[in-house]
Amino acid sequence: MSPDGNITARTKSSPREIRSFINGDYVKSSGGKTFESRCPADDSLAAVVDEATREDVDRAVKAAHAALHGPWGRMDVAERAALLDRVADIITERVDEFADAEISDTGKLIGPTLKGEIPRGATQFRVFAEMARTGFQMAPIASETPMGNATNYPERAPKGVIAAICPWNLPFVLSTWKIAPALACGNTIVVKPSEETPVTATLLGDVMNAAGVPAGVYNVVNGYGPDSAGAFLVAHPGVNAITFTGETRTGAAIAAGAASGIKDVSLELGGKNPGVIFADCDFDKAVASVAAAVFHNCGQVCLCTERLYVERPIFNKFVEALKAKAEAMTPGDPRNPATTLSPLISLGHREKVLSYFEAARKDGATIVTGGGVPEMDEAFAGGAWVKPTIWTGLSEDSRVVKEEVFGPVCHIQPFDNEEEAIACANNSDYGLAATVWSADQNRARRVASQIEAGVVWVNGWMIRELRSPFGGFKKSGIGREGGEFSLDFYTEIRNVCVSDS
Ligand code: NAD
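Because the structure is a prediction, the values reported are computed rather than measured.

Caption draft 1: The environment of aspartate 100, seen in detail. Inspection of the secondary structure assignment puts aspartate 100 in helix α4 (residues 95–106). Aspartate 100 gets classed as partly exposed once you look at its relative accessible area, which sits at 26%. The contact partners of aspartate 100, leaving out residues within four places of it in the chain, are Arg16 and Arg335.

Caption draft 2: Summary view of the site of the ligand. Surrounding the ligand, one finds 29 residues, the nearest of these being Lys192, Glu195, Thr250, Leu269 and Glu404. Within the contact set of the ligand, an oxygen atom lies 2.8 Å away from a side-chain nitrogen or oxygen of tryptophan 168. Interatomic distance of 3.4 Å between a backbone N/O atom of glycine 246 and an oxygen atom of the ligand. Here the ligand loses 91% of its free accessible area of 850 Å² to cover by the protein chains. Residue assignment for the shell around the ligand shows that the elements contributing at least two residues are α8 (229–235), β11 (241–245) and α9 (248–260). Counted by class, the shell around the ligand contains 16 nonpolar, 8 polar and 5 charged residues.

Caption draft 3: Highlighting a nonpolar patch on the surface. Together, Tyr153, Val496 and Val498 make up a nonpolar patch on the protein surface, roughly 230 Å² of accessible area in all. Checked against the element boundaries, valine 496 lands in strand β23 (residues 491–499). Residue classification places valine 496 among the partly exposed residues on the basis of a relative accessible area of 32%.

Caption draft 4: Broad picture of the sheet that holds β23. Taken in spatial order, the 3 strands make up an open sheet running β6-β7-β23, and their pairing is antiparallel. Strand pairing shows two members of the sheet lacking a second neighbour, β6 (141–145) and β23, which therefore form its edges. Neighbour-to-neighbour, the strand axes of this sheet turn through a mean angle of 30°, independent of strand direction.

Caption draft 5: Summary view of the sheet that holds strand β19 (residues 433–437). Strand order in the open sheet made by the 7 strands is β15-β16-β17-β14-β13-β19-β20, with mixed pairing throughout. The open sheet is flanked by β15 (366–369) and β20 (455–458), the only strands paired with a single partner. Neighbour to neighbour, the strand axes of the sheet diverge by 25° on average, direction disregarded. As defined by bridge partners, strand β13 (residues 273–277) adjoins strand β14 (residues 305–311) across 5 bridges and the pair is classed as parallel. Within β14, the position partnered with glycine 275 by the bridge is leucine 308.

Caption draft 6: Highlighting unusual backbone geometry. The phi dihedral of aspartate 227 is positive, around 55°, even though this residue is not glycine. In this fold, aspartate 227 is placed in the loop between β10 (218–220) and α8. We note that phenylalanine 406 has phi near 60°; this positive angle belongs to a residue other than glycine. Mapped onto the elements of the fold, phenylalanine 406 is located in the loop between α13 (399–402) and β17 (409–415).

What counts, and at which threshold
- Residues numbered from 1 in each chain as written.
- Predicted model: local features only at pLDDT ≥ 70, side-chain atom pairs only at ≥ 80, totals over all residues.
- Heavy atoms only, no water.
- Helix = DSSP H or I, 4+ residues; strand = E, 2+ residues; numbered from the N terminus.
- Buried < 20%, exposed > 50% of the residue type's maximum accessible area, 1.4 Å probe, protein only.
- Contact = heavy atoms within 4.5 Å.
- Near = heavy atom within 4 Å.
- Polar contact = N/O pair within 3.5 Å; in protein donor to acceptor, adjacent residues only side chain to side chain.
- Areas by Shrake-Rupley, 256 points an atom, 1.4 Å probe, with all protein chains shown as cover.
- Nonpolar A, V, L, I, M, F, W, Y, C, P; charged D, E, K, R; others polar.
- Patch = residues over 30% accessible without salt bridge, like charges linked within 9 Å, V, L, I, M, F, W, Y side chains within 5 Å.
- Salt bridge = Lys/Arg side-chain N within 4 Å of Asp/Glu carboxyl O.
- Pairing = 2+ DSSP bridges.
- Axes fitted to C-alpha atoms, helices over the stretch in contact; angles between N-to-C directions.

Right under this line is the structure:
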């Protein structure tokens, strides 16, 4: 810890010390237990983290309630929006510090972290500050009824204390995606970052203080899920709604906990996303974009493509071109701009990914490339590396084609007509994202409209406007967030009915 009690900068010999952030202060765990977060690029110790107890979570929720009914609840919308803009400004000023923290926790590549993910986290605050200024008004409804005439004024009110339970794959982007709309709508929040990636959400507490956000509005409790901070938060009676991003199985456990407390829940869950590539596509553009969709962040983005369906006339050429892209990727120091492949999040997750490599082998896959662990320099030999991997020849009911691997992998299968491609794309329990590639806009749009997924990109991937709706069909989630779609989750609607007589 630094003398003022904030998070220390990390060097290899001195990992960061991370505490919970409650009521505007960094506080030690009341239970005195800590856990470690390790950098997956080299398995070095990134942070020693205080594990929040049930009592710590209770303090955080009570602080959030006090702020809700205190200065934050009484604050004018314009003032609230100005504070959120200030939060964005300070993140921008401290972008290097946030990027360094995120890289230590995740092994992410410096370019996309510094120029993409951290600035996007700042942008979320600006987008929702602007919405708070302009977007909350609803049109009045005049009514003439046998009971009398009246004018109805529906208005949005904060939902209360929001619990945000976050994953490790895009820690800052996905936590700010919840924090910014929650605060813009006048709620207060308790964030539970992933145990793998506790640093940036905790660091944000310091930014909130520097911006002048009142104590208790933003709180962070660190820990695990079951029997730890995550479960304590879900069960706490003072939490009014839960926004969760993570695995489908975890989402089911959280939804069950939320149901018993009659808490609203927003679930952004797993995927097994298809890409449909027609023979008339812009081939080079499609290959380059699909390579990013499969291998970006080592395949650890919920929107990554793991199933590819390629029209038969270009199947072999496409497989060869994607193989060349995979084999050109260079793992290594995430802080070196020349590195193009990052590690998996942990050695534990690598075990899971390697078990899928084995399952593919047993199911008789043709391993086009990859399927193992790359040789690394001594400095990175302890990291959670795997080779970018492409399979062909598996049946649709192979585990590798059905289950989310969350690694730099894909299975490629040929198709012969539009109906077959659509049926294959929809042959999944999940429905988060998809891509369609064709020069024929009418066909691409027609196919896109038949795919069961929350977002379908045509001739692109990951072009994501923060104001557009985001969420999943089927087991990929419940609810939509993003722009004005976030308002329905983060607010309650009160109808004030004023009698005309
Ligand atoms: P995870 O479900 O293992 O963990 C997510 C969070 O939930 C962590 O903070 C964890 O501590 C907490 N948690 C676990 N069990 C809990 C419980 N019983 N009660 C309360 N909290 C609990 O997910 P992960 O491994 O961190 O993230 C990867 C998964 O997230 C993938 O499946 C990926 O597809 C999904 N994801 C989805 C989206 C989306 O927008 N749909 C975005 C990113 C990631």
